[in-house]
Amino acid sequence: MTLEDELRAQRQRAYAQRSPEERKVRAAAVTAVANAQTAERALREGEPIPRFRLPSIEGGLADAGLLLERGPLVISFYRGGWCPYCNIELRSLQRRLPDIEALGASLVAISPEMPDRTLMTVQRDALTFPVLFDEGNEVARQFRLTHQIDPRVVRYQLGNGNDVAAYNGMDTAEVPLPATYVVGTDGVVRYAFVDADYTRRADPDVLIGVLRDLPAGRDATSGTVSAPASVTGAGTGAMSSEQITAEVLAAISRASGTRAGEILSAVIRHAHDLAREVRLQPGELLAAADFLRRCGDISDAARHEYILLSDVLGLTMVVDTEAAGVADGALETSVLGPFYRAGAPWEPNGANISRGTGDGEQARIHGRVLDTSGTPVSGAMLDVWSTNGHGLYENVDPSQPDYNLRGRFRSAADGSYDLWTVKPVSYPIPDDGPVGELLAVTGRHNMRPAHFHVIAAAEGYQSVVTELYTDDDPYLGSDAVFGVKPSLVVHYNHIDDSEALAAVGRSEPYWDLEYDFVLTPGHASSAGFSAGRRQAV
């Protein structure tokens, strides 16, 4: 039976054992990994491998440089002994080990699983080649292989008794994509198999064929004995940009396993890949550095250009949406924006936060705060703010009263809230700085559709930073900061009937919005940022 035959049989067994919903979730998770193009970004043919020294389960350190001095190297990254497809592949490699070694090559397998778990795999499958412990996926990350298992899949794995994060000694279920490499004695990848579908593996016959084309202990292109410069640091050849990336990642390897290390490693990898992809020129890099410097120069207490930059690039919305995890029908997130000012006055329900003159058309916003089951949430905080009718926030307009059009409200026992303000208007974001230059060079306008800012928070519920967008605004489909979501588009009714006006103690027409905020159970959190107020000159 071939490796593919065994893998196909395992796919069929797994399919039969799973519910339709689990099949759908797992298929979607594989598709998501494919769409993220992790496999395409992984180390490929023609690239040098990063140097690595990893502990072997049987003791001692396996040094890639020393192994390559003896001959070609086959490297198999696998997810862990809990993965049946990985075990099938490892047993297949064990069966072909004599053929691999007969060609002068060495074979190592690499996994992030803790040594005790890995030892179980080695003993169960009677593996005689080195199986290496890659703590925190440090080496897999340098090969650009790591990804997070979909949380929904993690729940199924936990239900099957497999705690992948705990097996790896990590906080998250991060694993390498299954990958197999054949590396020449020059330290350069001659064959790479990386697939977003974890059920697919490299054919051992292909590996053997590649090795036959690589005379053992000799460089595949010149036929002369070659020291693995890219692995050991020796050699006289020109240094590649990929080697530089590997060295930078190795320099911060002490931070592996930490959140800071995870983020910084990803920033380095993606930034270096970007430079290679677009062939970034030194002058362009300096121009980018100057752009960022000027973002800092123009920022002050009332204006944060970096937040504005994140907004117009859509990064804010990506981060907020990924972090939110709201239930269906619950309040969705939108951007906080650079104009939020903490400490707005507490107001009773029914109060008017329009404290200036000529602020705009009066509007009443009211409704309830509910949980996802429809139960009222008492004592929820609604921190609200908006511009006046001229599109200006009070913190950048010294002519407005302090905290004008800002306020904090508490929901009543029945979850109700009620406030008066002005109907939002569309307005331009600042374009007199570096962000404005960015918009201009990409042919984009700087307009935001009319919106009303809200931070909704309550004990035992996720805090939600969001905006309610007016449905009659012409910029709904082209928001400069990409904040509009369909569920956040609302309709204001114009109230001019005398009886309706009398019911709320008004004589002049106003705009009315009734909206219920639906909160998701979780932990309350703060906004994490606050602007100041610009003083009159």
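Below is a summary of the structure that appears in this document.

Mapped onto the elements, Glu 69 comes out in helix 4 (residues 64–70). Among the residues examined, Glu 69 registers a relative accessible area of 54% and is labelled exposed. In sequence terms Glu 69 and Asp 320 are 251 residues apart; their C-alpha atoms lie 49 Å from each other.

Side-chain direction in a regular strand flips from residue to residue, so the side chains alternate between the two faces of the sheet. Burial analysis of strand 17 (residues 464–470) places 6 of its 7 residues in the buried class, the great majority of the element. Here strand 16 (residues 451–457) folds back onto strand 17 in antiparallel fashion, the turn holding 6 residues, of which Gly 460 has a positive phi close to 85°. As defined by bridge partners, strand 17 adjoins strand 18 (residues 489–490) across 2 bridges and the pair is classed as parallel. Residue pairing across strands places Thr 470 opposite Val 490, the latter belonging to strand 18.

This part is about the packing of aromatic side chains. Tallied over the full model, the rule gives 11 aromatic pairs. Between Phe 77 and Tyr 181 the ring centres are 6.3 Å apart and the planes differ by 85°, which places this aromatic pair in the edge-to-face class. Pair noted here: Phe 77 is in strand 3 (residues 73–77) and Tyr 181 is in strand 8 (residues 179–183), with a separation of 104 residues, a long-range link. Here the aromatic rings of Phe 143 and Tyr 181 are separated by 5.2 Å at their centres, their planes lie at 55°, and the arrangement is tilted. Taken together, the residues span a long stretch of sequence, with Phe 143 in the loop between helix 7 (138–142) and strand 6 (146–148) and Tyr 181 in strand 8 at a distance of 38 residues. You'll find Phe 143 and Tyr 181 in the same group, each marked buried.

Further remarks concern the sheet that holds strand 17. Across the sheet, 5 strands lie side by side as 12-11-16-17-18; this open sheet has mixed pairing. The sheet terminates laterally at strand 12 (406–410) and strand 18, the two strands that pair on one side only. Sheet analysis places strand 11 (residues 381–385) next to strand 12, joined by 5 bridges and oriented antiparallel. Residue pairing for strand 12: Trp 385 is matched across the bridge by Arg 406.

With that settled, consider empty space enclosed by the protein. Scanning the entire structure with this criterion turns up 2 cavities of 30 Å³ or more. One number sums up the size of the largest cavity: a volume of about 60 Å³. Counted by class, the lining of the largest cavity contains 7 nonpolar, 2 polar and 2 charged residues. What the second largest cavity holds in volume is close to 40 Å³.

Across the sheet, which stays open at both edges, the 5 strands sit in the order 5-4-3-8-9 with mixed pairing between neighbours. With partners counted over all chains shown, the strands left at the sheet margins are strand 5 (131–133) and strand 9 (189–194), one partner each. Averaged over all adjacent pairs, the angle separating strand axes in this sheet is 20°, with direction ignored. Examined bridge by bridge, strand 3 and strand 4 (residues 106–111) share 5 bridges and lie parallel to one another. By the bridge assignment for strand 4, Ile 75 is matched with Val 108.

Conventions we followed
Residues numbered from 1 in each chain as written. Predicted model: local features only at pLDDT ≥ 70, side-chain atom pairs only at ≥ 80, totals over all residues. Heavy atoms only, no water. Helix = DSSP H or I, 4+ residues; strand = E, 2+ residues; numbered from the N terminus. Buried < 20%, exposed > 50% of the residue type's maximum accessible area, 1.4 Å probe, protein only. Pairing = 2+ DSSP bridges. Phe/Tyr/Trp six-rings, centres within 6.5 Å; stacked < 30°, edge-to-face > 60°. 1 Å grid on protein atoms, 1.4 Å probe; cavity = no way out; pocket = protein on both sides within 12 Å on 5 of 7 lines; lining within 4 Å. Points joined across faces, edges and corners; volume = space filled by probe spheres on them. Nonpolar A, V, L, I, M, F, W, Y, C, P; charged D, E, K, R; others polar. Axes fitted to C-alpha atoms, helices over the stretch in contact; angles between N-to-C directions.

Take it as geometry only, folks, not as evidence of what the structure does.
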